Amino acid sequence: MKLATWNVNSLAVRLPQLLDWLCTNPVDAIVLQETKLADDKFPRAEIEGAGWQVAWHGQRTYNGVALLARTPIDAVQKNIPGFDDEQARVIAASVAGLRIVGAYFPNGQAPDSDKFVYKMRWLDALREWLRAELAAHPRLVLLGDFNVAPEDRDVYDPVAWAGQIHCTPQEREQFRQLLGLGLVDAFRLFEQPPKSWTWWDYRNLAFRKNQGLRIDHVLVSEALRPAVRACTIDKAPRRNERPSDHAPVVVEID
DNA sequence: ATGACTCCCAGTGGGAGA
C-alpha cells in the first residue's frame, strides 16, 4: 500500500490541487497538515465525493490536520492524549492494519522564543505517547511536517542554517529520540538524489534555485521496516500555479 | 537586509510560517 503526507498550506486554497494529485497518484491514504479550517468548514462532501473516507481535526486560521483513506478509518485519536493543546496538530487512526499518526509539528519560530519552548514540550509529549502507541500498535507509521531538518544533508545551506530554527541541536536530538523509540526514517532506507528537499521558501526564487529543507518525514516502526519498498518526494505539485510551499512525500509498504 | 512570498483575518496593515 502507498501512504502520503502533504502540508497543503490551506486546504481551502489547495483542495483542487489535492484532488488532482490524488487522481494521478493513487495512494491508499494521505495525511494533510495546515488545513487551516475550522471543523465546520472542512470540505467533507467534496472529499467523500471523490471516494475517500476522511477524518479531520481542525481550527481556524492555523494548523489543522486530516486523514483520507480508501478503506475505513477506525479508532481516531485527535491530538496527544494527556497533553492539553489548543492547537490542532495530530490525527491518528487505524487503517488497513496500520496505525497511522499524522502530525504537524510546531514550527518553533526561533530558538529563543516561547514557541520554541512549546515545540520542545510538544515533542516530549509526542515521544512519550508514541512509546505507548508503538507498544500497542507495532505496525505504526508516523508521518507529517516535522519542522526539523534532521541532518546537514537535509539543508541546502547548512552553514547559514546552523543553529537556526529546524536545525538546532535540540530539535535534532528530539528527532533522534523519536528514532530511538524504534522508528526508521523511510526516506533514508533508499539511495536518494542529493539535495532532496520537501519545502522551499516562497521567497527569493528558492524553488527554482532548489534551495530547500527536508522537514517532512515518514518514520516507520521496526516491524514495518522490511516491508518498505520505496519512499519518494514528489516535486511536481511545487511547480503548480499557487503551490503549497511543501511537496508531498510518498511511502510504499508491502 | 527587521527584506523577499503566501495565507489568514482583518479592514486600507500585521502575524505567522520556515
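The present account deals with the structure reproduced in this document. (Residues numbered from 1 in each chain as written. Chains lettered and ligands numbered in written order. Predicted model: local features only at pLDDT ≥ 70, side-chain atom pairs only at ≥ 80, totals over all residues.)

Moving on, we get to the environment of Arg238. Along the chain, Arg238 falls in the loop between β13 (228–233) and β14 (249–253). It is 10 Å that separates the C-alpha atoms of Arg238 and Tyr202, two residues lying 36 residues apart in sequence. Apart from residues lying up to four places away in sequence, Arg238 is in contact with Trp200, Phe207, Pro243 and Ala247. (Helix = DSSP H or I, 4+ residues; strand = E, 2+ residues; numbered from the N terminus. Contact = placed C-beta atoms within 7 Å.)

Backbone hydrogen bonds are what pair the strands of a sheet, in a parallel or an antiparallel way. If you trace the 6 strands from one edge of the open sheet to the other, you get β3-β4-β2-β1-β14-β13, paired in mixed fashion. Every other strand in the sheet has two partners, leaving β3 (53–57) and β13 as the edge strands with one partner each. Pairs of neighbouring strands in the sheet enclose a mean axial angle of 10°, with direction left out of account. Where strand β1 (residues 2–7) and β14 come together, 4 bridges link them in antiparallel fashion. Its bridge partner lying in β14, Leu3 is registered against Val251. (Pairing = 2+ DSSP bridges. Axes fitted to C-alpha atoms, helices over the stretch in contact; angles between N-to-C directions.)

Okay, the sheet that holds strand β5 (residues 74–78) next. One open sheet holds the 6 strands; their spatial order is β5-β6-β7-β8-β12-β9, and the pairing between them is mixed. Each edge of the open sheet carries a strand with a single partner, namely β5 and β9 (183–185). Each neighbouring strand pair of the sheet contributes to a mean axis angle of 20°, computed without reference to strand direction. Across 5 bridges, the pairing between strand β8 (residues 140–145) and strand β12 (residues 216–221) is antiparallel. Bridged to Leu142 within β12 is Leu219.

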